[in-house]
Structures are given as structure tokens and as C-alpha cells.
Amino acid sequence: MRIATLTSGGDCPGLNAVIRGIVRTAAGEGHTVVGFEDGWQGLLEDRRVQLYDDDFIDRILRRGGTILGTGRLHPDDFMAGIDRVKANLEDAGIDALIPIGGEGTLKGARFLHDNGVPVIGVPKTIDNDVNGTDYTFGFDTAVAVATDAIDRLHTTAESHDRVMIVEVMGRHVGWIALHAGMAGGAHEILIPEFPFDIDDVCRRMARRFQLGEKYGIIVVAEGALPKEGTLDVAEREVDQFGHEKFQDMSALIAKEIENRLDTDVRSTVLGHIQRGGTPTAFDRVLATRFAVNATKAAIRGDFGKVVALKGGSIELIDFEEAVGTLKEVPEKRYETARSLFG
């Protein structure tokens, strides 16, 4: 059997662990693996490399990023190229394709499956927003990076008697902000699922100072929004892929708090450092488990599925369960964090 794999969308700690797991699992059962470079674009352009179970593959487990490269392709361009995709797979002698990516990539994988391509999807995203799986690899690493930054900002905020606002990734869901904020002892966490009232935020910060505290830490997901009419924000623009362009919400909140409370406020945007670097042990293990189970499903011909973590087990779920809607932070989870605000 000849298996192909690719990585698509944003880079993510743990991608190389999946590639390694696919190659080693396939080789152990007498099969070969081909990698397509730079995601769906590489598949369209037939840019493929043979992957061998050698010392190089064995060592990529602890590397961040992806040895295959990644990228984004407009869905219309991808769907228009379906005949070329199928021709390239046939020319390469591919019996199964294992794409690794987030919701957009999994939607593309479902499209291929619906058009007769044998596919098994592997979910990845630091945002942890793919439905049907308890966690996606990359999330734990991003939370660890953000938590470490928050820990460091506690000391400088306390030293200077200031409010520190930490902006983390999370365009539409607030899982990173929620987990990193709780782990880092933040005094406020603002996430997209629950619009905030700047009056309430300022009131809680003011109360901290009245009680004798000298500093505050606020964690903000990049996609957080104020309740309508509570804070002036510009209308968001949209990029070529239909994604909203987010303004610097942390700076906007910082300015408002500084003006209202007459206190020193600074904002820090962590940005892409949350995606880079060595994956945590949890992410390496989860990525490897996804890889092994996806490869074995491909070998036995169980296509049209996505691997997922359910409790402690890796299961196969249908594409319909994995894509279509994002996995948002439930209100009960946010209420737990909210109990600690102020």
C-alpha cells in the first residue's frame, strides 16, 4: 500500500510527530509513505517527496513546525482542481491520503472523500476548536507558552504597579485564553464566546486596587469583542480567504482602562510564538496516537473518517461531526474561570 500525507493551514507543534508516526507505522506493516509539500497547493502541483523510516524521520518527533511545509489555498481554487488532484494521486500510485489540519483542512478532506478519494483526517490546531475531539495537538504547547509568558508578566506588573494585558491567539474561540489565564492566575479573561462589558472589567480592576492590590493581569483572546454599545470598535475587514482581520483589541482595552482608572497599563501580544518551538510531551503523545490510528485505519480501508480523542481513547468519527461548527468554550467552563475574576 502507498499512503500519502500533507500538512495544511497554520503550522502547529506536533505536526512532525504525526508525520513520523505515519511513516513508522506504515513501514512496520510493509507499506510506503509519500509526502506532498506545502499543503493542498503541493498536491495540486504534484510536489511530492518519498518519506523513509530512517534516522531523520525518527528524530523529527521533538521538532516544531513541519518538514513538509504548509500553506493556505482558497477553497474555490481547491475545488476547481479536483480532477488534477485525483490525477496526481493516481500518477503517484496513492491508495490513501492522510491530510493533517484544522477545520478548513478537514472540510477539504471531506470534499475529497465525497469525490471518491480515500481519506483519513488528522485534526490539528492550537485553538482546540475542532468538534468531536476532546483536544487537538498543539493546544497544550500553546497554553504552556502563554502560561509561561503570563507568569513572567506577573513579576514585572507587580514591580511597576501596573495592569498587564496579554493577548493570545483565538480568533473565534477562547480555549487558549481560558486555560492559560486560569493556569497563570489571571484576574480577568476575555474570550470571543462571551462579549465583555468594559465597565465591569474596569470596576473589577478598580476594586483590586481599593483592596490594596497593586497590579492586575488580563488575558484577552484576539477575537474577543465588547458587548454592543459598550466600547467603540472599528468594523473588521476580511482577507482573501474570508477570515476577519482582527484589530489590536488588547491595546484598545489598555487605553480604556488607563483613561478610566488613571493607572499604568501595558499590553503584550504573544502572536506566533504560541505556534513555534518544541511540542510538549502531551502533544507529542497525542500526535503520535493520532498518527498510528489514522495509518491503521487507512491500511484496513476505513476511510471517510477523522481520528479523535474521546476520554482516554482514540476513536474514528465521521467528517460531519468534525466540521461545520467550531467547538466553543461552554458557558459552564467560563463561569468557573469567572468565579476567580477580580
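Residues numbered from 1 in each chain as written. Predicted model: local features only at pLDDT ≥ 70, side-chain atom pairs only at ≥ 80, totals over all residues. Heavy atoms only, no water.

**Concerning the packing of helix α1 (residues 15-28) against helix α11 (residues 281-299)**
Here is step 1 of the chain: Between α1 and α11, the shortest axis-to-axis distance is 8 Å and the interhelical angle comes to 40 degrees. With respect to α11, the axis of α1 lies oblique. The two elements α1 and α11 cross, and the hand of that crossing is right-handed. On α11, the residues touching Ala17, Val18, Gly21, Ile22, Thr25 and Ala26 of α1 are Arg284, Ala287, Thr288, Ala291, Val292, Thr295 and Lys296.
Here is step 2 of the chain: A breakdown of the residues in the contact of α1 with α11 according to their chemical character gives 7 nonpolar, 4 polar and 2 charged. (Axes fitted to C-alpha atoms, helices over the stretch in contact; angles between N-to-C directions. Helix = DSSP H or I, 4+ residues; strand = E, 2+ residues; numbered from the N terminus. Parallel < 35°, antiparallel > 145°, perpendicular 65-115°, else oblique. Left-handed = near helix turned anticlockwise from the far one by under 90°. Contact = heavy atoms within 4.5 Å. Nonpolar A, V, L, I, M, F, W, Y, C, P; charged D, E, K, R; others polar.)

**A look at the packing of helix α8 (residues 175-183) against helix α13 (residues 331-338)**
Here is step 1 of the chain: Two numbers describe how α8 lies on α13: the axes approach to 10 Å, and their chain directions differ by 30 degrees. In terms of axis orientation, α8 runs roughly parallel to α13. In the packing of α8 onto α13, the handedness of the crossing is left-handed. Only Arg333, Tyr334, Thr336 and Ala337 of α13 make contact with α8, whose side of the interface consists of Trp175, Leu178, His179 and Met182.

**Notes on the pairing of strand β2 (residues 32-36)**
Here is step 1 of the chain: Within β2, 4 of the 5 residues are buried, which leaves it mostly tucked inside the rest of the structure.
Here is step 2 of the chain: As paired elements, strand β1 (residues 2-7) and β2 share 4 bridges and run parallel to each other. If you follow Ala4 over to β2, its bridge partner there is Val34.
Here is step 3 of the chain: Each parallel crossover has a hand, and the one from β1 via α1 to β2 is right-handed.
Here is step 4 of the chain: In this structure, β2 lies alongside strand β3 (residues 48-51), joined through 4 bridges in antiparallel fashion. Note on β3: the bridge partner recorded for Val34 is Gln50. (Buried < 20%, exposed > 50% of the residue type's maximum accessible area, 1.4 Å probe, protein only. Pairing = 2+ DSSP bridges. Right-handed = clockwise from strand over helix to strand, strands pointing away.)

**Quick look at the side chain of Arg208**
Here is step 1 of the chain: Turning to its location among the elements, Arg208 is positioned in helix α9 (residues 198-210).
Here is step 2 of the chain: With a relative accessible area of 8%, Arg208 lands in the buried category.
Here is step 3 of the chain: Side-chain polar atoms of Arg208 contact the side chain of His187, separated by 3.4 Å.
Here is step 4 of the chain: Not counting chain neighbours up to four residues away, the residues in contact with Arg208 comprise His187, Glu213, Tyr215, Gly216 and Gly342. (Polar contact = N/O pair within 3.5 Å; in protein donor to acceptor, adjacent residues only side chain to side chain.)

**Considerations on the nonpolar core**
Here is step 1 of the chain: In this structure, Val122 and Phe137 are the most contacted members of the largest nonpolar core, which totals 62 residues.
Here is step 2 of the chain: In terms of residue count, the dominant contributor to this core is helix α7 (residues 139-160) (8 residues).
Here is step 3 of the chain: In this structure, this core is formed jointly by two domains, domain 1 (2-138 + 279-324) and domain 2 (140-275), each of which donates at least three residues.
Here is step 4 of the chain: Judged by nonpolar contacts, the second largest core, of 28 residues, contains Ala4, Ile82, Leu97 and Phe319. (Core = buried A, V, L, I, M, F, W, Y, C linked by side-chain atoms within 4.5 Å. Domains from an automatic or database assignment.)

**Looking at the pattern of salt bridges**
Here is step 1 of the chain: All told, the structure shown has 21 salt bridges when counted by the stated rule.
Here is step 2 of the chain: One salt bridge connects Glu45 with Arg47, and the closest N-O pair in it is separated by 2.8 Å.
Here is step 3 of the chain: Judged by relative accessible area, Glu45 falls into the partly exposed class, the value being 42%.
Here is step 4 of the chain: Since its relative accessible area comes to 24%, Arg47 is described here as partly exposed.
Here is step 5 of the chain: Of the charged contacts, one joins Glu256 and Arg260 as a salt bridge, the two residues approaching to 3.0 Å between their closest N and O atoms. (Salt bridge = Lys/Arg side-chain N within 4 Å of Asp/Glu carboxyl O.)

**Notes on the UniProt feature "binding site: ATP" (unreviewed entry) in the protein**
Here is step 1 of the chain: Under the local residue numbering, the UniProt record ascribes the feature "binding site: ATP" (unreviewed entry) to Gly10, Arg72, Leu73, Gly102, Glu103, Gly104 and Thr105. Spatial clustering of the annotated residues is evident: they stretch over 96 residues in sequence, but the largest pairwise C-alpha distance comes to 13.4 Å.
Here is step 2 of the chain: With respect to the secondary-structure elements, Leu73 resides in the loop between α3 (55-59) and α4 (75-80).
Here is step 3 of the chain: Looking at the secondary structure, you find Glu103 in helix α6 (residues 103-114).
Here is step 4 of the chain: Each residue touching Glu103, except ones within four places of it in the same chain, is listed here: Val130, Ala322, Val323, Gly324, Thr325 and Leu326. (UniProt positions renumbered as here; feature names shortened; annotations may be inferred.)

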